[in-house]
Amino acid sequence: MTQSAASATRRRLLKAAAGGAALAATGLHAPYVIAQPAKLKVGLMLPYTGTFAALGNAITNAFRMYVAEKGGKLGGRELDYVVVDDESDPAKAVDNAARLVNRDRVDVLVGTVHSGVQMGIVKVARETGVINIIPNAGAGAATGELCAPNIFRSSFSNWQTIHPLGKAMVERGHKTAAWISWKYAAGEEMFASFKEGFEKAGGKIVRELWLPFPNVEFQALLTEIAAAKPDATACFFAGGGAVKFVKDYDAAGLKTRIPLYGNGFLTDGTLQAQGSSAQGLLTTLHYADGLEFPKDKEFRLNYAKTYKAQPDVYAVQGYDAAQMLDVGLRAVKGDIKAQKEFVAAIEQATIDSPRGRFTISKAHNPVQDIYLRQVVGEANRFVSIAWKALADPARGCRMA
Ligand code: BEZ
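These figures come from a predicted structure and were not determined experimentally.

A. Structural detail: unusual backbone geometry. That bond from glycine 111 to threonine 112 is cis: its omega, 10°, falls within 30 degrees of zero. Residue placement: threonine 112 occurs in the loop between strand E4 (108-110) and helix H4 (115-128). Of the consecutive residues phenylalanine 213 and proline 214, the connecting peptide bond is found in the cis state with omega at -5°. Here the phi dihedral of arginine 105 falls at roughly 55°; this positive angle occurs in a residue that is not glycine. Of note, arginine 105 is situated in the loop between helix H3 (93-103) and E4. Phi angles above zero are rare outside glycine, and alanine 389 is one such case at about 40°. Residue placement: alanine 389 occurs in strand E15 (residues 379-390).

So, in structure tokens, the structure goes:
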């Protein structure tokens, strides 16, 4: 042992001895000290930079708000956060998730937004058994062929939110459509689902247009849509990319000639920035403005008070991720290692969400209503229920 290491050890021993003497002076002995449970370590792996930054922040805000509503404790345990910006970069996903689990020793991993990054988290969750609650990413495999007892979603599957859109478009007289999106897992899965629903309703896709994530150079593709002259356009964009797409579509003079549709990520959390370009757009999603649920009213009031901003679908999903964690932790009195009981409690729960109550499918995805909404001012106003209690088909999931 070096001299400095030896003196550090001596200091530690003296400190411990002093502590013991102080304890003895109070008449207490170590075995009678009531131990506080260790804090539960929550890894928040979300995008805080780039086109999905606002989504990551909304999820984080609402997750923390739920915990604050519960006095800072879930299942009797205080929470400690380890926060990682995943940058919506799939190449860094496995390393980031593995570091949270193996180095930072998080008890639960809440993440993420981007489907490609999610696949890295799913790999680590399956290998380590850590509880993963997905507060957005719709990657089908997470609750499909790679489903697992320790993986839950508080949001949606990529199939789920856009499947009802095709029928709604055909009902409005649109028989042909162009499709445009980013070429990555979420865009591709949403396209497959939209196609399935649109064709089943009698529609035909006449043009497929793609650009790499998170590219926002839309001009050449908008020219192609104009030339193809479909009855309507359907798309998936979200966050900063959705803001630019809606504005560019309008500026190109297409909005009045070829109506634009999408799942609601196109206009959620984006309306202030999109302004008049978004007015009147119809979208489908599992959340809307103007739902009359008491839970929604309470949630919106508290969110506005806490963050001086209106909540969006991403905030709802963050809030519900915390609600699901709470359900599990309460059932095991904070002992998240009692994983069987923790999992069973969430599986059996009905979550009182701002979006409306939902249950959890056998594959661990919400079974939920999908709403048709229309943009009016700065609201995605509820129009109707496009699909009641829609469950993801969970193709390939052995638990389903
Ligand atoms: C996804 O990558 O799964 C995704 C990202 C933003 C909004 C919706 C889905």
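Let's pick the thread back up.
B. Just the site of the ligand, in detail. Contacts to the ligand come from 16 residues, most closely from Val113, Ser115, Gly138, Tyr184 and Ala186. Residue serine 115 places a side-chain N or O atom 2.7 Å away from an oxygen atom belonging to the ligand. Contacts to the ligand include glycine 138, whose backbone N or O atom sits 3.0 Å from an oxygen atom. Protein contacts shield 100% of the accessible area of the ligand, which totals 270 Å² for the unbound molecule. Split into classes, the residues belonging to the shell around the ligand amount to eleven nonpolar, five polar and no charged.

C. Inspection of the pattern of salt bridges at higher detail. The tally for this structure, following the rule as stated, stands at 20 salt bridges. Among the ionic pairs, arginine 395 bridges to glutamate 196, the shortest N-O distance being 3.4 Å. Here arginine 395, found in the segment after E15, pairs with glutamate 196, found in helix H7 (residues 185-200); they are 199 residues apart in sequence, far enough to count as distant. Look at glutamate 196 and you get partly exposed, because its relative accessible area is 28%. In this structure, the salt-bridge partner of aspartate 289 is arginine 300, at a minimum N-O distance of 2.6 Å. Linking aspartate 289 in the loop between strand E11 (282-285) and helix H11 (294-307) with arginine 300 in helix H11, this pair joins segments that are eleven residues apart in sequence. On the basis of relative accessibility, which here comes to 14%, the residue aspartate 289 falls in the buried class. Residue arginine 300 is classed as buried on the basis of its relative accessible area, which comes to 18%. When salt bridges that share partners are traced, they join Glu87, Asp89 and Lys92 into one network.

Rules behind the numbers
Residues numbered from 1 in each chain as written. Predicted model: local features only at pLDDT ≥ 70, side-chain atom pairs only at ≥ 80, totals over all residues. Heavy atoms only, no water. Helix = DSSP H or I, 4+ residues; strand = E, 2+ residues; numbered from the N terminus. Near = heavy atom within 4 Å. Polar contact = N/O pair within 3.5 Å; in protein donor to acceptor, adjacent residues only side chain to side chain. Areas by Shrake-Rupley, 256 points an atom, 1.4 Å probe, with all protein chains shown as cover. Nonpolar A, V, L, I, M, F, W, Y, C, P; charged D, E, K, R; others polar. Salt bridge = Lys/Arg side-chain N within 4 Å of Asp/Glu carboxyl O. Buried < 20%, exposed > 50% of the residue type's maximum accessible area, 1.4 Å probe, protein only.

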